[in-house]
Amino acid sequence: MKADFLLKARKVFDGDNFAGDTLAVKDGRVLAVGNFNDLKEIKADDSYEVPEGIVIPGLIDGHAHLLPYGMFLREVDISKAKSIKELQIILKEAHEKLRGNEWLVTSSLSEDRLIEERLPTRYEIDEAVPDRPVFLRRVCLHAGLANSKALELAGIAKDTKAPLGGEIVKDAQGIPTGLLLEEAMNLVKDVMPSLSLETKKEALKLAFFEALRRGITSVRSHDIAKKGDFRQYQDIVREIQEELPLRISADFSYAALADLDDYSFGAGDEYFSLGALKVFVDGSLGAGTAWLKEPYVDREGRGIPIYTREELKRILKEGLGKGFQLAIHVIGDQALAETIGVLQELELKNLRHRLIHLQVLGTEYLPIMKELGLIAEIQPKFVTSDQVFAKERLGKERARYSYAWKTIMASGVGCSGGSDAPVEHINPFWGIYGAVTRRQLAWTGEELSQEPWHPEELLTVKEAVWLYTKGAAYAEFSEEEKGELKPGYFADFAILDKDIFAISPDLIKDTEVLATSVGGRLFWWEGRSS
C-alpha cells in the first residue's frame, strides 16, 4: 500500500472520535487513519510532522455569501465607529479617496455599536458626504441607509411607495429618513453601478483565501442573484479554484431560476455544484423586519413578510417542480409558521430542504420539521451578537426559545452550521465558541460577557464541530465524502494549533489554523512549506 503523503500530528479527530495521530492520503482521499506505529509501513512520497497539531475534518460553512463577504473585505470598515461623529469622520476620509461619481458603499452599519444606540439619518450622512451617493448596508443586509444624493438618484421622495415586502421609513412629515428596509433597498441597488468582472474576481479571491485560512474547505454560498449570473459566477469560481480550491455549492435566487432549465440540483463536480433555490420569507431581527406572531416589544409592528402566502407557494412549487432543494430564510416565528404551512401543502421529495437561521423558534413546529425531513441551517455565532438586542426586541418569554440550538438538536431535526458571512465573520471557531459559551462577543473578537445567555441551550464542543462537519455534509447529500476523515473520504482537513476539545471554551475563539488541505492539496498558513 502506497500513499502520496503521511501526516503525523498530535491527534487526528475523524469526525466521531480521536482515531490516532497519523493520516495517510492518496489521490486526494483518505487512505488510512491510525497510530503512526500501525501505519509506518505505508510507503509515501512525502511525509509531514506537526507535533503540536490537532487534525479535524475540513469545516463546511453551510450558509454564506462569499461575493458580498469579499466586497466587505474590500470596503471601508465602519464597524469600529463608536458614535455617529466617528462614523462621519470615517466616511469623509473614505469619500476623499474616491474618484469621480463613484458610490461609497459599506456593509457593516449597526446601531448597537454606536453610543447613540440608533442609526444616523440621511442628513447626518450628508454632513460628511453631501455630493457623492452613499449607501450603508446594515450588518444584517436587511436594511440600508442612503444619503440624500443616493435617494435623489433612486427617485425616492415623499410620495414614493415602497415595493411589496419592503418599507421606506419616513419621518413625521412623511419625508424619507434614508432608511430602507428589505425590498425597498432594491430602489437604490437598481441605480448603483454593476460590479465589474475584475471586481468580482478580486472580491471572491479574498473570500476564498479567508475561508481556507480558517480551516473551511467547503461553502454553500448564495451569490447568484439574478438572471445571467450563473455562468459568469461559475467561470470566476473555476478560475480561482486553480489557485484556491475551495469547494462551492452555489445557491441561487428565484430571479436566476429561469437560467437553470438545463441543470439539476447537484449538477457539477466535487469542486463546483449547483445548490438550492434560496427564498426569503422575512427579514432580520436586528433590523426589526423578522416576521413575528406577536408585535415587537421595542417598536411597532410584527416585521415584514416578503411575499404573500400565494406567491410564496408559487415560487417554492416552481423550484420543487424543477427538482431543486429549497433553502428558505426564516427568522421570525410567524415566518416559520407560514413556511411550514406552505411546505405541508407541497410535494417536497426527499431533498433535505433547509430552513436557514430559525432564530425565533416555535417549538411546536419541530416535530413537523422532523417529519418533513427539513434541515435547520443555524448560525451559532449569531447568539454572541444578537443577545445585545434580542431580549429588548422579543421580551423574556420569546427570548427563551430564540437561538435555541440545543432544543433543535435534541428534537431530532437535522442541523447544519454556517456563518452567514458577511453578516458575521466567516471564522468558524467564533461560531463554535458561540455554540459552547453563548457569551457576548464583539465584532472584533473581544469577549464582552462571562455568563452564557440561556445556558440551557449550550452545546458541547463535539456537537458544535458536528454542525460544521457531519451535519453540514448531510444537508448537501455529501455525507459519504465530506465531514469525516475515514478511508475513502476526501482528504479535506484542518490542522489546528489547539485541542479545542480539551481547552477552556473561552480559548476556542483564538484558535489558529496551521494548515488546510483540500483533496490532499496542502496550504500552510504559518510560513511553513513542508
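Here, the structure is the one placed above.
Residues numbered from 1 in each chain as written. Predicted model: local features only at pLDDT ≥ 70, side-chain atom pairs only at ≥ 80, totals over all residues. Heavy atoms only, no water.

## Topic: helix H8 (residues 229-241)
- For H8, which comprises 13 residues, the first-to-last C-alpha distance of 18 Å matches the rise-based estimate of 18 Å (1.5 Å per residue) to within 8%.
- Every buried residue of H8 is accounted for by Asp229, Phe230, Tyr233, Gln234, Ile236, Val237, Ile240 and Gln241. Buried residues of H8 fall within an arc of 165° about the axis and therefore sit on the same side.
- Considering only its buried residues, H8 is in contact with helix H7 (197-213), strand S11 (216-224), strand S12 (247-253), strand S13 (272-280) and strand S20 (521-524). (Helix = DSSP H or I, 4+ residues; strand = E, 2+ residues; numbered from the N terminus. Expected span 1.5 Å × (residues − 1). Buried < 20%, exposed > 50% of the residue type's maximum accessible area, 1.4 Å probe, protein only. Arc of directions from axis to C-beta. Contact = heavy atoms within 4.5 Å.)

## Considerations on the sheet that holds strand S6 (residues 104-109)
- What the five strands build is an open sheet, ordered S6-S7-S8-S10-S9; its pairing is mixed. Each of the sheet's edge strands pairs with one partner strand only, and the pair in question is S6 and strand S9 (166-170). For this sheet, the mean angle separating the axes of adjacent strands, direction not counted, is 20°. (Pairing = 2+ DSSP bridges. Axes fitted to C-alpha atoms, helices over the stretch in contact; angles between N-to-C directions.)

## Concerning the side chain of histidine 222
- Here histidine 222 is to be found in strand S11.
- Of the polar contacts made by the side chain of histidine 222, one reaches the side chain of serine 253; its length is 2.8 Å.
- Not counting chain neighbours up to four residues away, the residues in contact with histidine 222 comprise Ala64, His65, Asp251, Phe252, Ser253, Lys278 and Phe280. (Polar contact = N/O pair within 3.5 Å; in protein donor to acceptor, adjacent residues only side chain to side chain.)

## So, the packing of helix H15 (residues 428-437) against helix H16 (residues 461-468)
- The interhelical angle for the contact between H15 and H16, taken along N-to-C directions, is 140°, at an axis separation of 9 Å. Relative to H16, H15 is oriented oblique. Seen along the crossing, H15 lies across H16 with a hand that is right-handed. Here H15 contributes Pro428, Gly431, Ile432, Ala435 and Val436 to the contact with H16, which in turn contributes Val461, Ala464, Val465 and Tyr468.
- For the contact of H15 with H16, the per-class residue count stands at eight nonpolar, one polar and no charged. (Parallel < 35°, antiparallel > 145°, perpendicular 65-115°, else oblique. Left-handed = near helix turned anticlockwise from the far one by under 90°. Nonpolar A, V, L, I, M, F, W, Y, C, P; charged D, E, K, R; others polar.)

## Brief notes about the pairing of strand S15 (residues 354-357)
- In this structure, strand S14 (residues 326-330) lies alongside S15, joined through four bridges in parallel fashion. Following the sheet pairing, alanine 327 is matched in S15 by arginine 354.
- A crossover links S14 with its parallel partner S15, the connecting element being helix H10 (residues 333-344), and its sense is right-handed.
- Pairing analysis gives three bridges linking S15 to strand S16 (residues 375-378), with the strands arranged parallel. Its bridge partner lying in S16, isoleucine 356 is registered against glutamate 377.
- Each parallel crossover has a hand, and the one from S15 via helix H11 (residues 366-372) to S16 is right-handed. (Right-handed = clockwise from strand over helix to strand, strands pointing away.)

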